[in-house]
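If you want the building blocks of each chain, they are given just below.
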Amino acid sequence: THLLTQGVTPKNGQTIQGEPGTIVSGNDTAVYAFVGAGTNVTVQDLIVERFNNPDQTGALGGVGGTLGAGWVLRRVDVRQNHGAGIRLGPAMQVLQSSTHHNRQIGIVGVGDDVLIDGLESSYNNPAGAVDPGWEAGGSKFVLTNRLIVRNSSFHHNVGPGLWLDIDNRDFLLEGNTAEDNTSCCN
């Protein structure tokens, strides 16, 4: 287990590789795990947990617009964070990963050419602390172009499982399941 006191800002092309069982923890005090404008960054084989990120920001990815293009998250387990587990950036790929038991939402964000393949987003907003009609549950995507979500599962979230909100263009949803999520809005 590696305890972070502040977020790591990877450089262009850097790969952050964990060994089996590697945990990166914010210990409920550090705000973000990995953020920054570095491009083509890969983060893989890690557990990212207990970051004190605000709502609408990700323990991985930070605030919208702060990630460089082309990040790849592969086999990353993002759990028990205060806001969102993952915040998307442009041309980001989230592959064979999971996001669960985050206080607000599993995965959220904007971005062109985003690929999500093999994600499990479950048990997010477990206490119902965040209004699902605002932004909570399994996922929420807005202002995307060419978003692809495939072979993914969104279940047991308090709020929508798979939510495409405003201005998503040319998206593809294929081979996904969404079940046992609560209703979001009246």
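Each remark here, short or long, concerns the structure printed above.
Here the structure is a predicted model, which means the values were calculated and not measured.

Enquirer: How would you explain the overall build of the chain if you had to name every residue and give the values?
Expert: The helix and strand inventory of the chain stands at one helix and 17 strands. Its C-alpha radius of gyration of 15 Å places the chain within 12% of the 16 Å reference for a compact globule of 186 residues. Dimensions of the chain, computed from C-alpha atoms along their principal axes, come out at roughly 40 × 35 × 25 Å. Evaluated residue by residue, the chain yields a buried proportion of 52% over its 186 residues. Of the contacts made within the chain by residues no fewer than 6 positions apart, 58% connect residues no fewer than 24 positions apart. Put simply, the chain has 11 plus and 18 minus side-chain charges, and the middle of one group is 6 Å from the middle of the other.

Enquirer: Run through the sheet that holds strand S5 (residues 58-60), naming residues and quoting values.
Expert: What the four strands build is an open sheet, ordered S5-S7-S10-S13; its pairing is parallel. The sheet terminates laterally at S5 and strand S13 (137-145), the two strands that pair on one side only. On average, adjacent strands in this sheet sit at an angle of 30° to one another, irrespective of strand direction. Two elements, strand S7 (residues 84-87) and strand S10 (residues 105-112), share three bridges in a ladder whose sense is parallel. When the bridges of S10 are listed, Arg-87 appears paired with Val-108.

Enquirer: Pulling in residues and values, what's your account of the pattern of salt bridges?
Expert: Per the stated rule, a full pass over the model turns up eleven salt bridges. A salt bridge links Asp-113 to Arg-146; the nearest nitrogen and oxygen atoms lie 2.5 Å apart. A residue pair is termed long-range when its members are at least 10 positions apart, and Asp-113 in the loop between S10 and strand S11 (115-117) and Arg-146 in the loop between S13 and strand S14 (148-150) qualify at 33 residues. By relative accessible area, which is 38% here, Asp-113 ends up partly exposed. Ionic pairing is found between Arg-150 and Glu-174, a salt bridge with its closest N-O pair at 3.8 Å. Of this pair, Arg-150 sits in strand S14 while Glu-174 sits in strand S16 (residues 172-174), and the two are 24 residues apart along the sequence. Taken together, the shared-partner salt bridges in this structure form one network comprising Glu-49, Asp-77 and Arg-79.

Reading the values: rules and limits
- Residues numbered from 1 in each chain as written.
- Predicted model: local features only at pLDDT ≥ 70, side-chain atom pairs only at ≥ 80, totals over all residues.
- Heavy atoms only, no water.
- Helix = DSSP H or I, 4+ residues; strand = E, 2+ residues; numbered from the N terminus.
- Rg over C-alpha atoms; globule rule 2.2 N^0.38 Å.
- Buried < 20%, exposed > 50% of the residue type's maximum accessible area, 1.4 Å probe, protein only.
- Contact = heavy atoms within 4.5 Å.
- Lys, Arg positive; Asp, Glu negative; His and termini not counted.
- Charge placed at Lys NZ, Arg CZ, Asp CG, Glu CD.
- Pairing = 2+ DSSP bridges.
- Axes fitted to C-alpha atoms, helices over the stretch in contact; angles between N-to-C directions.
- Salt bridge = Lys/Arg side-chain N within 4 Å of Asp/Glu carboxyl O.

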